[in-house]
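Listed below, chain by chain, are the residues.
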Amino acid sequence: MNSNKKITLIIFSMVSLLTLIIVALVAIGSRETGYESAKKRAYLTADIVKNALTSHMVNGNMHQRDVFLSSLEQMQEVNELWVVRSPKVNEQFSTHSPNEIPRDDIDKKVLQTGKEEVVVKETIQKASLRITIPYTASSLDKPNCLGCHNAKEGEVLGAISIKFDIQEDRLSSIAILLNIIATVVLFLIFILIFISRKIKPYTSSFDSITEVLKQVHDGDYSVRVQDGILKEDKEAFMWLNEIIEKLETVLTGIEKNLTAFVHNRASNVNNDKLLTAKEIIEDISEIYNYKKTIETDLSKDDIYYRLIQVFNEKLKIKSFYIFENDLQKNERKVIYAPQGIQSSCKIKKDIKELCRAERTNNVISSETFPEICRVAACDECSDYTCIPFTINDQKSITIHILCDDKTCLDHNKYQIGIIKKYLEETKPILESRMLMDVLRERNLLDGLTGLYNRKYIDEFVDKIMPKELALESTFAVMFLDIDYFKMVNDTYGHDAGDAILQKLAKTMQENITNNEFIVRFGGEEFLIVMKNPTEDSAKELAEKINKEFSKIVFNFNNESFSKTVSIGYAFFPTDTDQFWKCIKYADLSLYEAKETGRNKVIRFNKDILKNGEKDEY
């Protein structure tokens with residue numbers, strides 16, 4: 001319903017209600033007026049009867065009173081008329097007519113109380129009014145009532161009852177009322193037409209503005225208000241159209257320019273440019289704050305931690321993995337994994353060939369095609385999405401997102417664009433931290449063997465050991481030394497010595513796991529640190545390296561020979577609660593192996609120590 005109809009209907013309803021109230025008041029007033037008119041005639045008749053009866057009594061003609069009363073009954077509109085006498089009057093004047101006896105309870109009540117009674121009876125066809133008026137004794141009457149009656153002042157002497165036919169009065173009131181109603185209805189129709197025509201230009205303008213604003217509210221900024229009828233409308237419409245046009249231009253510009261900046265989501269959930277602009281600005285603000293935060297982070301791990309926070313808290317992605325790919329070694333490691341959820345991707349090596357996302361450098365979604373990635377098996381989820389992102393020639397990242405329903409998949413697809421933007425902002429800072437790690441690692445690596453150098457032990461003890469102690473980790477420290485290595489350098493030259501050192505490094509690397517690391521401590525001495533070892537696992541590793549290295553045959557200057565190693569090892573904190581002292585104990589065990597024949601493995605024990613050192617043990 002448009003505004004014109006609404007306003008017209010409201011005004012018409014109010015006027016109609018007022019008219020009904022007026023008609024009801026007129027009807028009630030007409031009815032009461034009819035009753036009052038009948039009562040006035042009754043009072044007049046009662047006075048006439050009273051005076052006539054008084055005259056009859058004074059003149060001694062009371063025996064003719066019935067004739068008089070009967071003549072009054074013949075009056076128009078008077079249906080019945082009768083007079084009743086009180087008991088005291090009957091006692092004083094014993095002669096009375098049978099018609100003067102009270103006919104009903106109303107007569108009796110009036111004689112007892114001295115108060116008039118009015119009874120109205122109305123039906124659809126008839127309307128009558130019965131009134132019973134008392135006659136009371138008064139010394140002020142002329143002639144004086146007390147002079148003839150044995151009565152007190154105000155005592156009831158009798159009463160007169162009159163019944164009037166008021167149907168004609170009621171019909172007259174109804175006719176007047178109908179005329180009023182007809183007049184009012186005609187007036188209402190006129191008012192309705194007049195108001196509708198007068199307010200239509202204003203309501204039409206209001207409806208036009210309302211419709212346009214509704215469409216703008218729904219996101220359609222291409223609508224414009226048509227020209228108005230009134231002069232004021234035309235100006236208002238022109239201003240409104242200019243505002244909508246400016247708003248459309250600004251929002252279109254924001255959407256066009258900034259959408260590319262934030263890789264806007266796969267598809268906008270709403271088509272409202274204003275809401276789109278709001279989302280884009282919020283994204284830019286959050287990305288800016290994220291970038292400013294990671295710029296001051298010290299390590300690569302800190303940056304990954306921030307990125308994980310963004311995924312969990314900002315983007316509301318529930319289950320995801322972050323893989324870091326080493327493109328030179330062609331292998332990957334897990335940076336982040338959700339608790340209790342297995343990845344659908346089990347690839348650890350040959351990333352360039354086996355990982356479809358890395359190979360194609362495209363987003364891979366299981367929704368696109370059945371078994372699109374043949375090496376992925378999603379046992380605990382229904383779908384997965386892989387987003388590759390290159391950091392530099394050596395490193396890349398793969399975001400592996402898992403979903404268990406369609407809602408989750410749609411949400412994650414919507415976030416792909418903003419994920420890429422976060423990765424883009426992360427890239428230069430992460431690359432810088434990776435470069436710092438490379439430089440730091442190179443500074444900690446031995447140039448000949450590629451193993452950690454002695455500086456790494458210092459960093460391990462200062463930075464990593466406190467964290468491991470908090471986790472109650474234990475360690476085994478092994479010292480290795482090539483037997484008679486100086487003779488090799490002297491006999492075959494340093495190139496041969498370097499080759500043997502490299503071969504030993506390779507042998508050790510092939511036999512350790514992720515829980516161990518190797519340090520070239522100096523010259524032909526090497527250090528192996530095992531995490532959470534047992535007595536058996538430490539002995540087994542030492543003996544295996546000793547055995548495997550002794551199998552290697554070296555050929556220099558047309559001569560073939562083999563070399564052996566001596567190994568000593570100790571446990572931290574079993575043998576000592578000081579890590580450097582544990583290294584010393586391993587070194588003493590190595591020295592014991594050399595002193596007792598070489599090519600053997602010796603576990604540290606207290607007997608190796610000298611007397612003074614035993615006391616300090």
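Up top is the structure.
Anyway, here's the lowdown on the structure attached to this text. (Residues numbered from 1 in each chain as written. Predicted model: local features only at pLDDT ≥ 70, side-chain atom pairs only at ≥ 80, totals over all residues. Heavy atoms only, no water.)

## Considering the overall build of the chain
Condition: Under the DSSP-based scheme used, a helix requires at least four consecutive residues in state H or I and a strand at least two consecutive residues in state E, with every element numbered from the N terminus. Contacts are assigned to residue pairs that have any heavy atoms within 4.5 Å of one another. Only the protein chains shown count as cover for residues, and all accessible areas are computed by the Shrake-Rupley method using a 1.4 Å probe.
Each helix and strand in the chain was counted, giving 18 helices and 16 strands. Once local pairs closer than 6 in sequence are excluded, the contacts in the chain between residues at least 24 apart make up 61%. Total accessible area on the chain stands at roughly 35600 Å², and carbon and sulfur atoms take up 54% of it.

## A few points about the packing of helix α13 (residues 454-470) against helix α17 (residues 579-595)
The relative placement of two packed helices is expressed as an angle between their axes plus a distance between the axes. Note the cut-off: Each axis is a line fitted through C-alpha atoms, and for a helix only the stretch in contact is used; angles between axes span 0 to 180 degrees, taken between their N-to-C directions. When an angle is under 35 degrees it counts as roughly parallel; over 145 it counts as roughly antiparallel; between 65 and 115 it counts as roughly perpendicular; any other value is oblique. Residues are grouped as follows: Ala, Val, Leu, Ile, Met, Phe, Trp, Tyr, Cys and Pro are nonpolar; Asp, Glu, Lys and Arg are charged; all remaining types, including Gly, are polar.
In the contact formed by α13 and α17, the axes pass within 11 Å of each other and the chain directions differ by 140 degrees. On the basis of the axis angle, α13 is oblique to α17. For the pair α13 and α17, the contacting residues are I457, D458, F460, V461 and M465 in the first and F579, W580 and I583 in the second. Grouping the constituent residues of the contact of α13 with α17 by class yields seven nonpolar, no polar and one charged.

## Considerations on the sheet that holds strand β9 (residues 395-403)
Selection rule: Pairing between two strands is assigned when DSSP locates at least 2 bridges connecting them.
Strand order across the open sheet formed by five strands is β6-β5-β9-β8-β7, with antiparallel pairing between neighbours. Because the sheet does not close on itself, it has two edges, and the strands there are β6 (331-336) and β7 (364-365). Packed onto the sheet, helix α12 (residues 406-443) meets β5 (319-326), β7, β8 (383-390) and β9 and runs at close to 25 degrees relative to β8.

## Considerations on the packing of aromatic side chains
Rule in force here: Stacked, tilted and edge-to-face are the three classes assigned to paired rings of Phe, Tyr and Trp, where Trp is represented by its six-membered ring and a pair needs centres within 6.5 Å; plane angles under 30 degrees give stacked, over 60 edge-to-face, the rest tilted. The classification of residues rests on relative accessible area computed with a 1.4 Å probe and restricted to protein chains. Under 20% of the type maximum is buried, over 50% is exposed, and intermediate values are partly exposed. Only when the NZ atom of a Lys or the CZ atom of an Arg is both within 6 Å of the ring centre and within 35 degrees of the ring normal do we say a charge sits over the ring.
Going through the model one piece at a time under the given rule, you end up with 23 aromatic pairs. Note on Y452 and F517: the rings are 6.2 Å apart at their centroids and 85 degrees apart in plane angle, and the pair reads as edge-to-face. With a gap of 65 residues between them, Y452 in the loop between α12 and α13 and F517 in strand β11 (residues 516-522) connect regions that are remote in the sequence. Take F517: its relative accessible area is 12%, and that puts it in the buried class. Between Y585 and F604 the ring centres are 4.2 Å apart and the planes differ by 0 degrees, which places this aromatic pair in the stacked class. Residue Y585 is located in helix α17, and its partner F604 is located in the loop between β16 (601-603) and α18 (611-616); the two are separated by 19 residues in the primary sequence. Within the aromatic cluster, the residues linked to one another by ring pairs are Y452, Y456, F460, F475, F517, F572 and F579. The aromatic ring of Y484 is capped on one face by R598, whose charged end is 4.3 Å from the ring centroid.

## Here we look at the pairing of β9
Burial analysis of β9 places nine of its nine residues in the buried class, the great majority of the element. Residues K395, I397, I399, I401 and C403 of β9 are buried on one face, and the alternating residues S396, T398, H400 and L402, pointing to the opposite face, are buried as well. As defined by bridge partners, β5 adjoins β9 across eight bridges and the pair is classed as antiparallel. If you follow F320 over to β9, its bridge partner there is I401. Two successive antiparallel strands, β8 and β9, enclose a turn made up of four residues.

## Focus on the nonpolar core
Put simply, the rule is: For the purposes of this section, nonpolar cores are sets of buried Ala, Val, Leu, Ile, Met, Phe, Trp, Tyr and Cys residues that join through side-chain atoms within 4.5 Å.
Of all hydrophobic cores here, the largest spans 31 residues; its most connected members are M478, L480, I500, M508 and I528. Mapped onto this core, the elements with two or more residues apiece are β10 (475-482), α14 (485-492), α15 (494-511), β12 (525-531), α16 (535-550), β13 (554-556) and β15 (565-572). Considering every element that reaches this core, the biggest residue donor is α15, with six residues. When residues no more than four places from it in sequence are discounted, the contact partners of L480 are M508, E524, E525, F526, I528, I545, S566, I567 and L590. In this structure, Y290, F311, I416 and L430 belong to the second largest nonpolar core, which totals 28 residues.

## So, the pairing of β8
For β8, a buried count of seven out of eight residues is recorded, marking the element as mostly surrounded by other parts of the structure. In this structure, β7 lies alongside β8, joined through two bridges in antiparallel fashion. Its bridge partner being in β8, S365 is matched across the sheet by T385. Bridge count for β8 against β9 is eight bridges, and the pairing is antiparallel. Each residue of the ladder has a partner; that of T390, found in β9, is S396.

## Brief notes about empty space enclosed by the protein
A water-sized probe, rolled over the atoms, reveals where empty space remains. Applicable threshold: Here a cavity denotes a set of grid points, spaced 1 Å apart and computed over the protein atoms alone, in which a 1.4 Å probe fits but from which it cannot get out, and a pocket denotes an open set meeting protein on both sides within 12 Å along at least five of seven lines; residues with an atom within 4 Å of a point are reported as lining. Grid points are joined across faces, edges and corners, and a volume is the space filled by probe spheres set on the points.
Tallied over the full model, the rule gives one cavity of 30 Å³ or more. Of the volumes computed, that of the largest cavity is approximately 90 Å³. As for the largest cavity, its lining consists of 13 residues, and the residues nearest its centre are C345, C355, R356, C373 and C386. The set of elements that each furnish at least two residues to the lining of the largest cavity consists of α11 (356-360), β8 and β9. Grouping the amino acids of the lining of the largest cavity by side-chain chemistry returns nine nonpolar, two polar and two charged.

## Description of the sheet that holds strand β3 (residues 127-136)
Taken together, the four strands give an open sheet; going across it, the order is β1-β4-β3-β2, and neighbouring strands pair in antiparallel fashion. Each edge of the sheet is formed by a strand with only one pairing partner; in this case those strands are β1 (78-85) and β2 (117-122). On average, each strand axis in the sheet is tilted by 10 degrees relative to the strand beside it, whichever way the strands run. Relative to strand β4 (residues 156-165), β1 runs antiparallel, the two being bridged by seven bridges. Along β4, the bridge assignment pairs V78 with F164. Contacts from helix α4 (residues 105-113) reach β1, β2, β3 and β4 within the one sheet, and its direction differs from that of β3 by about 30 degrees.

This is a description of form; function is not addressed.
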